[in-house]
Amino acid sequence: MKKILLHILLSTVFITSISAVKAQKNNAHDKIKKILYFNPEVEPDLEEIKDPTNNAFFSTVSDNVSTFKRNRMLRSEVQVSFDSIDAKTISEYSKNNDADFVIVPKVKYFKVGLGKYVFSNQVIVSLKLFDAEGNFIASSDYDTYRKNMRLLGSTENSIKIGTNGAMKSILKELRKQKPSTEAGF
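Residues numbered from 1 in each chain as written. Predicted model: local features only at pLDDT ≥ 70, side-chain atom pairs only at ≥ 80, totals over all residues. Heavy atoms only, no water.

Draft legend 1. Main features of the packing of aromatic side chains. According to the stated counting rule, one finds 3 aromatic pairs in the structure shown. On the basis of an interplanar angle of 80° and a centroid distance of 5.2 Å, the ring pair of Phe57 and Phe58 is categorised as edge-to-face. Classification of Phe58 as buried rests on a relative accessible area of 4%. Seen in terms of ring centroids, Phe130 and Phe136 are 5.7 Å apart; in terms of plane orientation they differ by 70°. Their pairing is edge-to-face. We classify Phe130 as buried; its relative accessible area is 6%. The aromatic ring of Phe82 is capped on one face by Lys128, whose charged end is 4.6 Å from the ring centroid. (Phe/Tyr/Trp six-rings, centres within 6.5 Å; stacked < 30°, edge-to-face > 60°. Buried < 20%, exposed > 50% of the residue type's maximum accessible area, 1.4 Å probe, protein only. Lys NZ or Arg CZ within 6 Å of the ring centre and 35° of its normal.)

The structure is reproduced here in structure tokens:
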């Protein structure tokens, strides 16, 4: 009976020590990637369309990021100019938010008609991806009219389709640049 108890005790100590060693391993591949998203720059610059655009954009981003196990979305309520991005500003925001990557978005609405405020439900969603040091990695654009030939449907759905398309395009670009790295955004 003592031999059986001794074998059981040694086995449990051995199994426990193996599992503790596995838990202590810290692979860079297993690390959770934090991605900081800014509020999208909305063109034309009208306050009435910014909130619905931000809600539709971040709803889609959070749905996409939640499908990947090793990614976490961080949201900044700041809007950064899409065309004039400063690497120092990007690195400061990523440092302050402990982010591994930064995405700067832009949503451009099509203007249709003769009036000043007549818009189509078609959008172009553009994304620029930067690393934590502010280095440019990839960019993508998704035109909902040219890619999907959508004529009908809500603007919210167009923003969601455009955001999904732009995110997939960035993933494709990352796979071309680094085929060994598996990243999901």
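Having put the structure on the table, let's press on.
Draft legend 2. Just helix α2 (residues 47-66), in detail. Between its first and last C-alpha atoms α2 spans 29 Å; for 20 residues at 1.5 Å apiece the expected length is 28 Å, and the two agree. When α2 is considered as a whole, its buried residues turn out to be Ile49, Lys50, Thr53, Asn54, Ala56, Phe57, Phe58, Thr60, Val61, Asn64 and Val65. (Helix = DSSP H or I, 4+ residues; strand = E, 2+ residues; numbered from the N terminus. Expected span 1.5 Å × (residues − 1).)

Draft legend 3. Fine view of the environment of Lys172. Mapped onto the elements of the fold, Lys172 is located in helix α5 (residues 155-177). It is 9.8 Å that separates the C-alpha atoms of Lys172 and Ala138, two residues lying 34 residues apart in sequence.

Draft legend 4. Examining the side chain of Asp131 more closely. Tracing the backbone through its elements, the reader meets Asp131 in strand β5 (residues 119-131). With residues up to four places along the chain from it excluded, the contact list for Asp131 reads Ile90, Asp100, Phe101 and Ile137. (Contact = heavy atoms within 4.5 Å.)

Draft legend 5. Quick look at the pairing of strand β1 (residues 33-39). Among the 7 residues that make up β1, 6 are buried, leaving the element largely enclosed by the rest of the structure. Pairing of β1 with strand β3 (residues 71-79) involves 6 bridges; the strand directions are parallel. In the strand pairing of β3, Tyr37 is matched with Arg75. (Pairing = 2+ DSSP bridges.)

Draft legend 6. A nonpolar patch on the surface, seen in detail. Side chains of Met1, Ile4, Leu5 and Ile8 sit close together on the surface and give an oily, nonpolar patch of about 460 Å² of accessible area. Along the chain, Met1 falls in the segment before α1 (2-24). Among the residues examined, Met1 registers a relative accessible area of 74% and is labelled exposed. (Patch = residues over 30% accessible without salt bridge, like charges linked within 9 Å, V, L, I, M, F, W, Y side chains within 5 Å. Areas by Shrake-Rupley, 256 points an atom, 1.4 Å probe, with all protein chains shown as cover. Salt bridge = Lys/Arg side-chain N within 4 Å of Asp/Glu carboxyl O.)

Draft legend 7. Expanded view of the pattern of salt bridges. Overall, the coordinates contain 8 salt bridges when judged by the stated rule. Note that Glu43 is salt-bridged to Lys106, the shortest N-O span being 3.1 Å. Here Glu43, found in strand β2 (residues 41-43), pairs with Lys106, found in strand β4 (residues 101-111); they are 63 residues apart in sequence, far enough to count as distant. For Glu43, a relative accessible area of 29% gives the class partly exposed. A salt bridge links Glu47 to Lys50, with the shortest nitrogen-to-oxygen separation between them at 3.5 Å. Of the two residues, Glu47 and Lys50 are both situated in helix α2; the distance of 3 residues between them amounts to about one turn of the helix. Put simply, Glu43, Asp83, Lys106 and Lys108 are held in one network by salt bridges that share partners.

Draft legend 8. Layout of the nonpolar core. The biggest cluster of nonpolar side chains holds 26 residues, and the ones touching the most others in it are Tyr37, Phe57, Tyr109, Leu127, Leu129 and Ile159. Where this core is concerned, the elements lending two or more residues are β1, α2, β4, β5, β6 (136-143) and α5. The leading source of residues in this core is α2, at 6 residues. The next biggest cluster of nonpolar side chains, apart from the first, holds 10 residues, and it includes Val80, Phe82, Ile90 and Ala99. (Core = buried A, V, L, I, M, F, W, Y, C linked by side-chain atoms within 4.5 Å.)

Interpretation in functional terms is not warranted from these geometric data alone.
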